[in-house]
Amino acid sequence: MITTRFAPSPTGYLHIGGLRTSLFSWLWARKNEGQFLLRIEDTDLARNSEDAVAAILKAFDWVGMSYDGEALFQSKRFDVYAKYIEQLLEEGKAYKCYMSKDELTALREEQMAKGERTRYDGRYRDFTGTPPEGVEPVIRIKAPQEGMITFNDGVKGEINIAASEVDDFVIARAGGVPTYNFVVAIDDAQMGLTDVIRGDDHLYNTPKQLVVYEALGFKIPNFYHVAMINNEQGKKLSKRDGATDVMEYKTLGYLPEALLNFLVRLGWSHGDQEIFSVEEMIELFDPKDINKSSSNYNLDKLLWLNAHYIKNMEHDKLAELLVEYGVDIRTHEKKDLILNATKERGKTLVELASQINLILNAPTEYNAKNFKKAFKEDTPEILNTFMNLLKEAELNEVADYHKVMEAVVEQKEIGFGKIGMPLRVVLLGSMTGSGLDEIMAILGVDETIKRINRAIELINA
RNA sequence: GGCCCCUUCGUCUAACGGUUAGGAUCCAUGGUUUUCAUCCAUGUUACAGGAGUUCGAAUCUCCUAGGGGUCACCA
């Protein structure tokens, strides 16, 4: 049984990097028919908010990732942590430290000046005297003082960190509120985690948590530390580099399947395969294939994937999704025609919506430059001929509209561009866009003729 | 600065000591298309540098350089 988790601290939206590590965790649990748990790390601090929790859950919901059971809130488990603190104190594995914050700062500055690693010096580790007055103590855990702390990371291999690098860190603040590394170890153990997949930035927390595991006699899970996602320049990802909030991708018109496909290939691969459905990801994912090195963020591929998924999506579903982007063709009788004509031209749902609107809404004004480019002396005459033939033609399918255009070309002995260009400008107000026959088939004869006549009126005026 | 980790086309990546170093994206060119897009084809571009080990190194070792992470009574 594999149990994994995602443990965000609710201080803001779900970050794209957080989504990737949770995706890895989720896939690994699902692949093994295990459990994917959610834990909210809200050990105090005014920074936490319920809105942030809701935002994270909303993002999970959007991409279709679900967690098992109830979300665990650390803020509701202070009594559990307090009990363990008490236990460690009794067993002599932790102790009260009366060093004031000022003293600690002074120590740190001194160490810094000497170019040493800043660390607590253990002055109260074996203290038996009378504690100084007016200082509310913190609780520190006894970390090993010599030797190595070693663990096997599923991504990076064996990690050795000298015990001298890990000091007797605080497990409970003055006032008794427990600290991060302490509660994480307890919760991970009690939740039955077998595999902890998390960001590289937690690598240094691992030896500290190991100290807690050791002191409390908990079973140690497998750790996987996934390298960070950087921007294209290899620097830390910031808002300047594009969207970092997962939900922003929805706003921009990306499909969750494209985003997940994009993220799963950032730091993980399965041979040469690029396209992964969620089912395939679950089937093929294995943390042993996670890369050691960090990857840089570049949206080109996401856009390509998004276009791919739009092109291959069922029309009913696509129509459903488009509603949020201001286009409702769910019950449109020519829904398939519309989507066939436009879906290869929109790389995002936003673009697709605008392509559809371009056809469905008659142009309200014409760009003079386009008019000038497309309209020549003989254009009105050609368009009139076209309209006449159109009225008489039997129009059952898209190709029939094309035949009418061909007839005009033949009759007038002109090139296709002589009718195509002006027709496009007249119908769409644009020089580019979907196939003319498709556009006209969507509009129907009446609307097509209406738009042509209106444009001719305008040019005569 | 100490410690830890990382380094293959611009970007994402493949390669379990022996390959003309592969794929994808991007870009360029050509084809298809009334336009644009799609689609198809072709092309440019990479083993950070240096020493070893080996018949043979992108793969193993060491050094150098560069990048990242981390050093809280934050999480």
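Everything below is about the structure printed above this text.
This one's a predicted model, so the numbers in the text were calculated from it and none came from an experiment.

With respect to the overall build of chain A
Within chain A, the regular secondary structure consists of 18 helices and twelve strands. Radius of gyration (C-alpha) of chain A: 32 Å, far over the 23 Å computed for a compact globule of 461 residues. Projected onto the principal axes, the alpha-carbon positions of chain A cover approximately 110 × 45 × 35 Å. For chain A, the residues scored as buried account for 48% of the 461 residues in total. Contacts in chain A between residues far apart in sequence, at least 24 positions, make up 75% of those at least 6 positions apart. Put simply, chain A shows about 23000 Å² of open surface, and 47% of that area lies on carbon and sulfur atoms.

Focus on the packing of aromatic side chains
Scanning the entire structure with this criterion turns up 14 aromatic pairs. For the pair Trp-268 and Phe-285, a centre-to-centre distance of 5.5 Å together with 40° between the ring planes defines the contact as tilted. Taken together, the positions of Trp-268 in the loop between helix H8 (256–264) and helix H9 (278–284) and Phe-285 in the loop between H9 and strand E12 (295–296) put the pair 17 residues apart, joining distant regions of the chain. In textbook terms, an aromatic cluster arises when at least three aromatic residues are bridged by ring pairs, as seen for Phe-24, Trp-268, Phe-276 and Phe-285. Just above the ring of Tyr-120 sits the side chain of Arg-140; from NZ or CZ to the centre is 3.6 Å. Over the ring of Phe-169 we find Lys-208; its NZ or CZ atom is 5.6 Å from the centre of that ring.

What about the sheet that holds strand E2 (residues 35–40)?
The sheet built from three strands is open, its strands ordered E1-E2-E3 with parallel pairing. Strands with a single pairing partner mark the edges of an open sheet, and in this sheet they are strand E1 (3–6) and strand E3 (72–73). By the bridge criterion, four bridges tie E1 to E2 in an arrangement that is parallel. Looking at the pairing, Thr-4 lines up with Phe-36 of E2.

Re the protein's contact with RNA strand B
Looking at RNA strand B, there are 63 residues lining it, with Arg-173, Gly-267, Asn-296, Glu-344 and Arg-345 nearest. Each atom of RNA strand B within 4 Å of the protein was classed as base or backbone; sugar and phosphate made up 70%. Separating a phosphate oxygen of RNA strand B from a side-chain N or O atom of Lys-235 is a distance of 2.9 Å. Contact between RNA strand B and Asn-291: a phosphate oxygen at 3.4 Å from a side-chain N or O atom of the residue. When residues of the surface near RNA strand B are traced back to their parent elements, those giving at least two are helix H4 (101–113), strand E5 (138–141), strand E7 (157–162), helix H5 (180–190), E12, helix H10 (300–311), helix H17 (416–428) and helix H18 (436–460). Looking at the surface near RNA strand B, the element that brings in the most residues is H10, giving four residues.

What about unusual backbone geometry?
With phi around 50°, Glu-33 is a residue other than glycine that occupies positive phi space. Relative to the helices and strands, Glu-33 resides in the loop between helix H1 (16–31) and E2. With a phi close to 50°, Glu-413 is a non-glycine residue in the positive phi region. For Glu-413, the location among the structural elements is in the loop between helix H16 (398–412) and H17.

A word on the pattern of salt bridges
Side-chain pairs of opposite charge can arise whenever the charged atoms involved come near each other. Per the counting criterion, the structure on display carries 25 salt bridges. Two residues, Glu-320 and Arg-330, come together in a salt bridge whose shortest N-O distance is 3.3 Å. Of the two residues, Glu-320 is situated in helix H11 (residues 315–322) and Arg-330 in the loop between H11 and helix H12 (335–342); the sequence distance between them amounts to ten residues. We classify Arg-330 as partly exposed; its relative accessible area is 35%.

Re H8
Most of H8 sits inside the fold, with eight of its nine residues counted as buried. Buried residues of H8: Pro-256, Ala-258, Leu-259, Leu-260, Asn-261, Phe-262, Leu-263 and Val-264, and no others.

Some words on the pairing of strand E10 (residues 222–226)
Within E10, four of the five residues are buried, which leaves it mostly tucked inside the rest of the structure. As paired elements, strand E9 (residues 195–199) and E10 share five bridges and run parallel to each other. Within E10, the position partnered with Ile-197 by the bridge is Tyr-224. Between E9 and its parallel partner E10, the chain crosses via helix H6 (residues 205–216), and the hand of that crossover is right-handed.

Observations concerning the pairing of E5
Sheet faces and side chains relate simply in a regular strand, where the side chains alternate between the two faces. What you see with E5 is no split at all: Val-138 and Arg-140 on one side and Ile-139 and Ile-141 on the other are buried throughout. Two elements, strand E4 (residues 94–97) and E5, share four bridges in a ladder whose sense is antiparallel. Paired with Cys-97 across the two strands is Val-138, which belongs to E5. Here E5 pairs with strand E8 (residues 170–172) via two bridges, running antiparallel. Residue pairing in the sheet places Arg-140 in a bridge with Val-170 of E8.

Concerning the side chain of His-225
Mapped onto the secondary structure, His-225 falls in strand E10. By relative accessible area, which is 0% here, His-225 ends up buried. A polar atom in the side chain of His-225 sits 2.5 Å from the side chain of Asp-153. Among the polar contacts listed, one links the side chain of His-225 to the side chain of Thr-206, at a separation of 3.1 Å. Those residues in contact with His-225 that sit more than four places away from it in its chain are Phe-151, Asp-153, Val-155, Lys-156, Arg-198, Gly-199, Asp-200, His-202, Leu-203 and Thr-206.

Cut-offs and rules
Residues numbered from 1 in each chain as written. Chains lettered and ligands numbered in written order. Predicted model: local features only at pLDDT ≥ 70, side-chain atom pairs only at ≥ 80, totals over all residues. Heavy atoms only, no water. Helix = DSSP H or I, 4+ residues; strand = E, 2+ residues; numbered from the N terminus. Rg over C-alpha atoms; globule rule 2.2 N^0.38 Å. Buried < 20%, exposed > 50% of the residue type's maximum accessible area, 1.4 Å probe, protein only. Contact = heavy atoms within 4.5 Å. Areas by Shrake-Rupley, 256 points an atom, 1.4 Å probe, with all protein chains shown as cover. Phe/Tyr/Trp six-rings, centres within 6.5 Å; stacked < 30°, edge-to-face > 60°. Lys NZ or Arg CZ within 6 Å of the ring centre and 35° of its normal. Pairing = 2+ DSSP bridges. Near = heavy atom within 4 Å. Polar contact = N/O pair within 3.5 Å; in protein donor to acceptor, adjacent residues only side chain to side chain. Salt bridge = Lys/Arg side-chain N within 4 Å of Asp/Glu carboxyl O. Right-handed = clockwise from strand over helix to strand, strands pointing away.

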